[in-house]
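A structural walkthrough
Here are the chains, one letter per residue:
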Amino acid sequence: MSFNEAWHALKTEVRNGRMVRTHSGQVQPGDVFVALAGTRVSGSTYIAEAIARNAGYVVTGPGQGGDSSDGALLLEHPDPREALGELAAAHFGTDASCPLLVGVTGTNGKTTIIHLLEHLLRSAGMRVGLIGTIGATWPGGSFTSGMTTPDCWTLHQILARMRDDGVTHACMEVSSHALQQKRTAGLRFEVAALTNITQDHLDYHQDMESYYQAKARLFAPNATQPEGPKHRVINADDPYGQRLLNQWGGVAYTLHDGGRLPKRGQDSSAAIRILHGEMKSCDRSGLELRMDFEGQSWVLDSSLVGRHNASNLLAAQGVGLCLGLESSRMTALEDFSGVPGRLERVTNPLGLNIFVDYAHTPDALENVLNALRELRFERLIVVFGCGGNRDRAKRPLMGQAVCRFADIAVLTSDNPRHEDPETILNDVQAGLGGGAAVIREVDRKRAIERALEVMRPDDVLLVAGKGHEATQQIGEEYFPFHDPTVIRRILGEGPGHASGRVLQAVRPCA
Ligand SMILES: CC(=O)N[C@H]1[C@@H](OP(=O)(O)OP(=O)(O)OC[C@H]2O[C@@H](n3ccc(=O)[nH]c3=O)[C@H](O)[C@@H]2O)O[C@H](CO)[C@@H](O)[C@@H]1O[C@H](C)C(=O)N[C@@H](C)C(=O)N[C@H](CCC(=O)O)C(=O)O
Ligand SMILES: Nc1ncnc2c1ncn2[C@@H]1O[C@H](COP(=O)(O)OP(=O)(O)OP(=O)(O)O)[C@@H](O)[C@H]1O
Ligand SMILES: N[C@H](CCC[C@H](N)C(=O)O)C(=O)O
Ligand SMILES: [Mg+2]
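Cut-off values and rules
- Residues numbered from 1 in each chain as written.
- Chains lettered and ligands numbered in written order.
- Predicted model: local features only at pLDDT ≥ 70, side-chain atom pairs only at ≥ 80, totals over all residues.
- UniProt positions renumbered as here; feature names shortened; annotations may be inferred.
- Helix = DSSP H or I, 4+ residues; strand = E, 2+ residues; numbered from the N terminus.
- Contact = placed C-beta atoms within 7 Å.
- Pairing = 2+ DSSP bridges.
- Axes fitted to C-alpha atoms, helices over the stretch in contact; angles between N-to-C directions.
- Near = placed C-beta within 6 Å.
- Nonpolar A, V, L, I, M, F, W, Y, C, P; charged D, E, K, R; others polar.
- Domains from an automatic or database assignment.

Take the UniProt feature "binding site: ATP" (unreviewed entry) in the protein chain next. According to UniProt, the feature "binding site: ATP" (unreviewed entry) maps to G106, T107, N108, G109, K110, T111 and T112 in the numbering used here. When you line up the elements, G109 lands in the loop between β5 (100–105) and α4 (110–123). When sequence neighbours within four positions are dropped, the list of residues in contact with G109 reads T195, N196, H308, S311 and N312. Structurally, the position occupied by K110 is in helix α4. Here K110 is in contact with V104, T105, G132, E173 and T195, once residues within four sequence places are set aside.

Sheet strands pair by backbone hydrogen bonding; their relative direction is either parallel or antiparallel. Pairing is mixed in the open sheet, where 11 strands are placed in the order β8-β7-β6-β9-β5-β10-β11-β12-β13-β14-β15. Every other strand in the sheet has two partners, leaving β8 (141–143) and β15 (296–302) as the edge strands with one partner each. Direction aside, neighbouring strands of the sheet carry axes that sit 15 degrees apart on average.

Near ligand 3 you find T148, H360, G387, R390, D414, N415, G465, K466 and E469, and these make up its full shell. Here the residues of the shell around ligand 3 sort into no nonpolar, five polar and four charged.

Now for the site of ligand 2. The environment of ligand 2 is made up of 23 residues, and the closest members are G109, K110, T111, A359 and A364. Only α4, α10 (307–322) and α11 (362–374) provide two or more residues apiece to the shell around ligand 2. For the shell around ligand 2, the leading source of residues is α11, giving four residues. Of the residues belonging to the shell around ligand 2, the class tally is four nonpolar, 14 polar and five charged. In this structure, the shell around ligand 2 is formed jointly by two domains, domain 2 (97–335) and domain 3 (344–508), each of which donates at least three residues.

Below, the structure is given as structure tokens:
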């Protein structure tokens, strides 16, 4: 039998219900084991174990099968990750029928944009599903994987459940890890969108160019979609976005004068269609945005604040336009009240100005701090830290961002994971310098208490980094920790607001 015949026969079996596993330990008799090259080990190391567990088939990369295929039919596929995508699509029928897919990638703003899209598309009568950092949800179901973009098999499984529940449009975050690992193999995107690319995840991607190349995969033709995504919506205010526009064209959204953008990409004949947004105003009640697109103009009043959210609103509208929405539909976004943990206001009986936000990159911190600065409170107090076992290089840059904009920086733990918390704080502190006073307190609850103790009525407090998260990971343990709940509890149970209390242990940056 030729490879093509064997592959076709295997796909038919998987379409008829045969199970596929990527972890040898989960293999049941008769299952297909797909051996993937990982970051720590190569799945091909476990072929013998899968066979010992009576796998029916093994799919691996070229030259990786060895002679260990006794009892199992071994197929050497040119790309096992693409193979997994094809098998998942066959098993769940997502190759034949799947909700229309919108994929959003970028360093910051993905979660915000898919929630904006859910609101916008639902108001236009579509049944919308979401897959992202806060989980997968759709009318009739939900799924928690703990990942922003679940693994390939799970992704197809979720989309099949959405389809069976009548979902017409699925909006998903596509992380750079997912693109590098081809978790979206076997899926076809109606729209691909880019928010921005700034420093994060260099522990995994090594450098910014590799990080960009991973994100760029969402916009390029691939084995499943040789023509590439049908529409591309790209932030033209981002230098990496401009590279993508030059290559592929698409809807270029911008908060600057769109007139400077070319009408066609330099490297291709693809047209660039400009969606221009102008921030008319932004204050504590929200922002006013005026849009221009191909001769039409419209205005939006949103309760969101900050230039970054103006950009997110533009991205969502760009996707909406690609999906055929009239510009008159966009005012539906005026009712959108925000995403949990993204500049979420923590209401409290004392009337203090407190926000929780998910900023965990230098650029996100700059954007959110700038947004709060523009709201003209008296002093800006920031509680923040950095996650452990993630990009170390971003830590001093996050310290720098906070020192540039904040009056008081309360440096604390985020999710230390398996690192020594004090070492992480040292890495961040190396970047602190400039105007802000610094409090260092490794215990996050205690750090929030310290911030509340020094806060005065006209100040604003930002608790950054964990947003919607409900736990704090220290070592192997996950402790319940939800910033808004912790803040409310402190204000409800503790000494509460110590207005005007003298700053203790606060020292200026060196
Ligand atoms: C760095 C990374 O993304 N790792 C993901 C990857 O694991 P890996 O490459 O390390 O796998 P590995 O341990 O080397 O194993 C390779 C292969 O051998 C198999 N194996 C392994 C051991 C064994 O006994 N038998 C066996 O068959 C494994 O099942 C695997 O298929 O594939 C695993 C299975 O899908 C994921 O669970 C895992 O995510 C880890 C847990 C993770 O923390 N990922 C984070 C960084 C992540 O992906 N985050 C992004 C969001 C980032 C953002 O904010 O933008 C996300 O999309 O969630
Ligand atoms: N367009 C944007 N540009 C820069 N920063 C942004 C933007 N939108 C949101 N942010 C900041 O980034 C934080 C995370 O936002 P959001 O959760 O929407 O991003 P994300 O891309 O989904 O992040 P993650 O990679 O963790 O899933 C926000 O809390 C805010 O501080
Ligand atoms: N999706 C992000 C989440 C970071 C959240 C932050 N609280 C941290 O733990 O670093 C990541 O995997 O980098
Ligand atoms: Mg997200």
